[in-house]
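Examination of the molecular architecture
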Amino acid sequence: MAVSKKYRDKIYIVKDIILTLSEYGELNQTALFSFCGLNISKHKSILDNLENNELIQRSENKEGKRTITVFRVTEKGMNFCQEIIDPYEKLFPRKNKNS
């Protein structure tokens, strides 16, 4: 039987994306979603929203005939995480796995 994951608020998904990108520098979409434990089709809109708000940056690298899209966090994204999300998480901490 598969173990279902608990619900994660959107604000924590955003934080996970930003922190994962800051940790690894840059990642392609598949690796990013895998590290964050997200579903590409379900959460792609969050990634697009972060890019539209200039919190992350998309760039394309050509490797032969293939084009690989990678994402990296921007300075604005890091500031957003430190100034907005961190204080939010102090007020409303994530629930423990045991809760």
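The structure under discussion appears in the preceding block.
Attention in this report is confined to the structure presented alongside it.

This part covers the environment of Ile-56. Summarising the element assignment, Ile-56 is placed in strand E2 (residues 56-63). Along the primary structure Ile-56 and Thr-69 are separated by 13 residues, whereas in three dimensions their C-alpha atoms are 13 Å apart.

A separate point is helix H2 (residues 29-36). Those residues of H2 not exposed but buried are Leu-32, Phe-33 and Cys-36. With its buried residues spanning 90° around the axis, H2 presents them on a single face. H2 presents Thr-30 and Ser-34 as exposed residues on the side facing more than 90 degrees away from its buried surface. In the core, the buried residues of H2 are packed alongside helix H1 (10-24), strand E1 (27-28) and helix H3 (40-52). Sitting at the amino-terminal end of H2 is Asn-28, which places a side-chain oxygen 3.1 Å from the backbone nitrogen of Thr-30. Looking at the residues trailing H2, positive phi occurs at Gly-37, about 70°.

On to the nonpolar core. Ile-17, Leu-21, Leu-32, Leu-47 and Leu-50 are the most contacted members of the largest nonpolar core, which totals 19 residues. Mapped onto this core, the elements with two or more residues apiece are H1, H2, H3, strand E3 (66-73) and helix H4 (75-91). The greatest single-element share of this core, amounting to five residues, is contributed by H1. Residue contacts for Leu-47: discarding those within four places in its chain leaves Ile-17, Gln-29, Leu-32, Phe-33, Ile-56 and Phe-71.

All right, on to the sheet that holds E2 then. Spatial strand order, E1-E3-E2: three strands in an open sheet with antiparallel pairing. Each edge of the open sheet is held by one strand with a lone partner, namely E1 and E2. Sheet analysis places E1 next to E3, joined by two bridges and oriented antiparallel. Its bridge partner lying in E3, Leu-27 is registered against Phe-71. The strands touched by H1 are E1, E2 and E3; relative to E3, the strand with the most contacts, the crossing angle is about 105°.

What follows concerns the packing of H1 against H4. Between H1 and H4, the least distance of the axes is 10 Å, while the angle of their chain directions is 135°. When the interaxial angle is binned, H1 and H4 end up oblique. As H1 runs across H4, the sense of the crossing is left-handed. Here Ile-11, Tyr-12, Val-14, Lys-15, Ile-18, Leu-19 and Ser-22 of H1 lie close against H4, whose contacting residues are Gly-77, Met-78, Phe-80, Cys-81, Ile-85, Asp-86, Tyr-88 and Glu-89.

Calculation rules
- Residues numbered from 1 in each chain as written.
- Predicted model: local features only at pLDDT ≥ 70, side-chain atom pairs only at ≥ 80, totals over all residues.
- Heavy atoms only, no water.
- Helix = DSSP H or I, 4+ residues; strand = E, 2+ residues; numbered from the N terminus.
- Buried < 20%, exposed > 50% of the residue type's maximum accessible area, 1.4 Å probe, protein only.
- Arc of directions from axis to C-beta.
- Contact = heavy atoms within 4.5 Å.
- Polar contact = N/O pair within 3.5 Å; in protein donor to acceptor, adjacent residues only side chain to side chain.
- Core = buried A, V, L, I, M, F, W, Y, C linked by side-chain atoms within 4.5 Å.
- Pairing = 2+ DSSP bridges.
- Axes fitted to C-alpha atoms, helices over the stretch in contact; angles between N-to-C directions.
- Parallel < 35°, antiparallel > 145°, perpendicular 65-115°, else oblique.
- Left-handed = near helix turned anticlockwise from the far one by under 90°.

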